[in-house]
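Residues per chain are reported as follows:
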Amino acid sequence: SSGGARNGNEVALTRWLDGHVEQIWRGHAGQVIGLAATLDGRGAWSLGEADGLWRWALGASEPVRRIGARLPDEAEGQVANASALALDASQRHAYIGRRDGSVLAVDLESPQAVPRRLAKLGEPIAALALAPDGTSLAVALGSMLGAQRRTAALIDAADGHVLRELAAHPGP
């Protein structure tokens, strides 16, 4: 689970069956946007809106890995404004949505793990969901303040081309 600014943007690893808190980590500069338990259940991935994707491990007080959500050509001080996270089933690839409409892909097996722009869509990214086979990514667009339209796009997870765009519901 993750907390907001009131509790230091903490990330907590909790046992599902009995609710026992295994460990709490703190350190993200901004809001924690996305979370996933590691496959072995002994850690977590967290995405901070300002400081990227962090990998936490039980027993460690600091992240064991930090991956920025900025592209190599973006300025050092530029805030990434991450807004969504999806990991593939093997946790070898991560996908990060941003408020500027970018979808970034990260090869988590690479020691450098430099994000690359997979797609640049016309509205802020509100949510991401990866197909079970890992070949396509559903992207919810525009449900944030300032959005001009609300749609969903299905994009190819390898090269980012739009496979299909769907109109979303008209609600808030």
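Residues numbered from 1 in each chain as written. Predicted model: local features only at pLDDT ≥ 70, side-chain atom pairs only at ≥ 80, totals over all residues. Heavy atoms only, no water.

## Things to note about the sheet that holds strand 11 (residues 125-130)
Which entries qualify depends on this criterion: Should DSSP find at least two bridges between two strands, the strands are taken to pair. Numbering of helices and strands starts at the N terminus; helices are DSSP runs of H or I of at least 4 residues and strands are runs of E of at least 2. For helices, the fitted line uses only the C-alpha atoms of the stretch in contact; every axis is such a line through C-alpha atoms, and the angle between N-to-C directions lies from 0 to 180 degrees.
Reading across the sheet, the four strands line up as 11-12-13-14 and stay open at both edges, with antiparallel pairing between neighbours. Both outer strands of the open sheet, strand 11 and strand 14 (162-167), are each paired with one neighbouring strand and no more. Strand-to-strand twist in this sheet, taken as the mean axis angle between neighbours without regard to direction, amounts to 20°. Where strand 11 lies against strand 12 (residues 136-141), five bridges are found, and the strand directions are antiparallel.

## Looking at the pairing of strand 9 (residues 102-107)
What counts here: Each residue is placed in one exposure class: buried if its accessible area under a 1.4 Å probe, protein chains only, is under 20% of its type's maximum, exposed if it is over 50%, and partly exposed if it falls in between.
For strand 9, the buried fraction is high: five of the six residues fall into the buried class. Pairing of strand 8 (residues 93-98) with strand 9, which is carried by five bridges, proceeds in the antiparallel orientation. Directly across from Ala94, in strand 9, lies its bridge partner Val106. The loop that links strand 8 with its antiparallel partner strand 9 comprises three residues; one of these, Gly101, has a positive phi angle of about 90°. The pairing of strand 9 with strand 10 (residues 116-120) spans four bridges and is antiparallel. Paired with Leu104 across the bridge in strand 10 is Arg117.

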